[in-house]
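Listed below are the residues making up each chain.
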Amino acid sequence: MNKRHYNFRLEIIKSSHGHCDYEVLSRPEGIKYDQIDEYFRELSPFEALNLIKQTFDYLSAFEGIKVSININRSMIVNELLHLYLKSRVESIGKRISIVFEINECCYDLIGSEVFIRFRNTFNEMSVDFWLDDFGTGGANFSLLKLGIFDTIKIDKNLFWMLYEYGGTLLLEFITFIRRLNFNVIIEGVETAEQLDFAYESGCFAQGFYFKNEKVRNEILY
């Protein structure tokens, strides 16, 4: 069976204090952009193993940063992948702090026995769990009660919609989540004004704004 090759890049997640975390994004070669989400939803255990290997090989070039990795269904359901993923986290743990990001393809597994086994595998390693795309699909307040996540990422479409209404409702929404002791990352930040809003709300920011080469260079160099 042929292994697919992935291209990787780090996406900046920045706080108002200048601190940066990162999300490692993977792009499978030969897959159209509008088919990527479906591709990762249907990822086989064999290909998930390949993805884990290539992801950590890519991250091995970095040091002293915190990076979130998107977790797919195979990585949760297949317990052999738990062990392989654990070994890779252990091998890089002294240089990089790893975070697991749970997105919409896995919402229905959260709280299940298999998800609990997956989470317990990493209990002694202080691996944080982030909930992606909050406010869409199955990512709702019921998941916040489970005590699994320490950081919530607000979906970009929800952010854009509420931001257009003047920001008051959005600020109340964010304030409520932060009062529950969650860190908040706003996805979809595209302008300096949106960045200011995120920072003034006590949130981290992630989005197209940081893809500007000048902005990116000012942060990274």
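What this report covers is the structure whose coordinates are included nearby. Throughout, residues of each chain are indexed from 1 in the direction in which the sequence is written. Local features are withheld for residues below a pLDDT of 70 in this predicted model, meaning they are given only at 70 or higher, and side-chain atom pairs are given and counted only at 80 or more; totals for whole chains, interfaces and linings count all residues. Based on all heavy atoms of the structure, the side-chain values leave hydrogens and waters out of the count.

A side chain of one charge can pair with a side chain of the opposite charge if their charged atoms are brought near each other. One speaks of a salt bridge when a side-chain nitrogen belonging to Lys or Arg is within 4 Å of a carboxyl oxygen belonging to Asp or Glu. One pass over the full model with this rule turns up 11 salt bridges. For Glu11, the salt bridge identified is with Arg9, shortest N-O distance 3.2 Å. Working definition: with a 1.4 Å probe on protein chains only, accessible area under 20% of the residue-type maximum means buried, over 50% means exposed, and in between means partly exposed. Exposure remark for Arg9: the relative accessible area of 36% places this residue in the partly exposed category. Across the salt bridge formed by Glu104 and Arg41, the nearest N and O atoms sit 4.0 Å from each other. With Glu104 in the loop between strand S4 (96–102) and helix H5 (113–121) and Arg41 in helix H1 (residues 36–41), this residue pair connects regions lying 63 residues apart in the sequence. The class for Glu104 is partly exposed, based on a relative accessible area of 42%. Linked through salt bridges whose partners overlap, the residues forming this network are Glu23, Glu101, Lys153 and Glu187. Helix numbers and strand numbers start at the N terminus; a helix is a DSSP run of H or I with at least 4 residues, a strand a run of E with at least 2.

Before going further, it helps to spend a moment on the environment of Phe46. Summarising the element assignment, Phe46 is placed in helix H2 (residues 45–59). In this structure Phe46 comes out as partly exposed when scored by relative accessible area, which is 31%. Counting along the chain gives 43 residues from Phe46 to Lys3, while the straight-line C-alpha distance between them is 8.6 Å.

At Ser126, a position not held by glycine, the phi torsion is positive, near 55°. Position of Ser126 among the secondary structure elements: in the loop between H5 and strand S5 (128–134). One non-glycine residue, Asp133, adopts positive backbone phi at about 55°. Inspection of the secondary structure assignment puts Asp133 in strand S5.

This part covers the pairing of strand S2 (residues 20–28). Summarising the sheet, strand S1 (residues 6–14) and S2 pair through 9 bridges and their orientation is antiparallel. Across the sheet, Phe8 pairs through a bridge with Ser26, a residue of S2. A pair of strands is considered paired only if DSSP assigns at least 2 bridges between the two. As consecutive antiparallel partners, S1 and S2 are separated by 5 residues, and within that stretch Gly18 has a phi angle of approximately 95°, a positive value. In this structure, S2 lies alongside strand S3 (residues 65–71), joined through 3 bridges in parallel fashion. From the neighbouring strand, Glu23 faces S3, where its bridge partner is Ser68.

Moving on, we get to the state of the cysteines. Criterion for a disulfide: a pair of cysteine sulfur atoms within 2.5 Å. This model, assessed by the stated rule, comprises 0 disulfides. Here Cys20 stays unpaired: no disulfide links it, and the sulfur of Cys203, its closest cysteine neighbor, is 15 Å away. Here Cys106 is not disulfide-linked; the sulfur of Cys105 is the nearest cysteine sulfur, at 3.4 Å. Exposure remark for Cys106: the relative accessible area of 0% places this residue in the buried category.

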